[in-house]
Amino acid sequence: MEVRDAHFPGRAPLDAYGNGGFRFADMSHRGSLLCVPSGIYGWHLSSPEELSEEAFQRVFEEQDDIEVLLIGTGKDLRPLPQALKERFREAGILADPMSTGAAVRTYNVLLSEDRAVATALLAVD
């Protein structure tokens, strides 16, 4: 059996979150997600302490197509490290941390408005 990294090509609204995962496009994913213009990817982070420049490599690779990055930091809002905030600013990306639930809801609204939005979501139970 071959196990591959999770990837959904394209953009889709997120239908549900919780129980350690997400539902979108008639599929479910267990674990965290990174939703960027090129698609929805499984994200191997599980806590806000793991947020680093390396964790957002795909975001920086697609920075020309992203104006707003919503970062779901779990059940509660957790601030971003200062160095990471500065790196997003240098890339021209408005990075907005918030609870995962708030990030999911805001992402869906901005996506429906066809905005240049991306989101990084830590899974919650």
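Here's a quick rundown of the structure. (Residues numbered from 1 in each chain as written. Predicted model: local features only at pLDDT ≥ 70, side-chain atom pairs only at ≥ 80, totals over all residues. Heavy atoms only, no water.)

Tallying secondary structure elements over the protein gives 3 helices and 9 strands in all. For the protein, the α and β elements follow one another from N to C terminus as β-β-β-β-β-β-α-β-α-β-α-β. Its C-alpha atoms give the protein a radius of gyration of 13 Å, within 12% of the compact-globule value 14 Å for 125 residues. Projected onto its principal axes, the C-alpha positions of the protein cover 40 × 30 × 30 Å. Of the contacts formed within the protein by residues at least 6 apart in sequence, a portion of 66% connects residues at least 24 apart. Carbon and sulfur atoms make up 46% of the accessible area of the protein, which totals about 7,000 Å². (Helix = DSSP H or I, 4+ residues; strand = E, 2+ residues; numbered from the N terminus. Rg over C-alpha atoms; globule rule 2.2 N^0.38 Å. Contact = heavy atoms within 4.5 Å. Areas by Shrake-Rupley, 256 points an atom, 1.4 Å probe, with all protein chains shown as cover.)

Quick look at the nonpolar core now. Counting 21 residues, the largest nonpolar core has Trp-43, Leu-51, Phe-56, Val-59, Leu-69 and Phe-88 as its most contacted members. Looking at this core, the elements that each hand over two or more residues are strand S5 (32–36), strand S6 (39–43), helix H1 (57–61), strand S7 (68–72), helix H2 (82–90) and strand S9 (117–121). For Leu-69, the contacting residues outside a window of four places in its chain are Phe-56, Val-59, Phe-88, Ile-93, Leu-94, Ala-95, Asp-96, Ala-118, Thr-119 and Ala-120. Listed in part, the 18 residues of the second largest apolar core include Leu-33, Ala-102, Val-104 and Val-117. (Core = buried A, V, L, I, M, F, W, Y, C linked by side-chain atoms within 4.5 Å. Buried < 20%, exposed > 50% of the residue type's maximum accessible area, 1.4 Å probe, protein only.)

Checked against the element boundaries, Glu-62 lands in the loop between H1 and S7. Excluding residues that lie within four positions of it along the chain, Glu-62 makes contacts with Val-36, Pro-37 and Ser-38.

With that settled, consider the sheet that holds strand S3 (residues 21–24). Read from one edge of the open sheet, 3 strands run S2-S3-S4, paired in antiparallel fashion. Unpaired on one side and paired on the other, strand S2 (14–18) and strand S4 (27–30) mark the two borders of the sheet. Neighbour to neighbour, the strand axes of the sheet diverge by 15° on average, direction disregarded. Pairing geometry for S3 and S4, over 4 bridges, is antiparallel. (Pairing = 2+ DSSP bridges. Axes fitted to C-alpha atoms, helices over the stretch in contact; angles between N-to-C directions.)

Counted according to the given criterion, the structure contains 3 salt bridges. Salt-bridge contacts for Glu-49 lead to Arg-78; the nearest nitrogen and oxygen are separated by 2.5 Å. Of this pair, Glu-49 sits in the loop between S6 and H1 while Arg-78 sits in the loop between S7 and H2, placing them 29 residues apart in sequence. Overall, Arg-78 belongs to the partly exposed group, its relative accessible area being 35%. Arg-87 is the partner of Glu-53 in a salt bridge, and the nearest nitrogen-oxygen pair spans 3.0 Å. Residue Glu-53 is located in the loop between S6 and H1, and its partner Arg-87 is located in helix H2; the two are separated by 34 residues in the primary sequence. (Salt bridge = Lys/Arg side-chain N within 4 Å of Asp/Glu carboxyl O.)

From the geometry alone we can't say anything about function, so treat these as descriptive.
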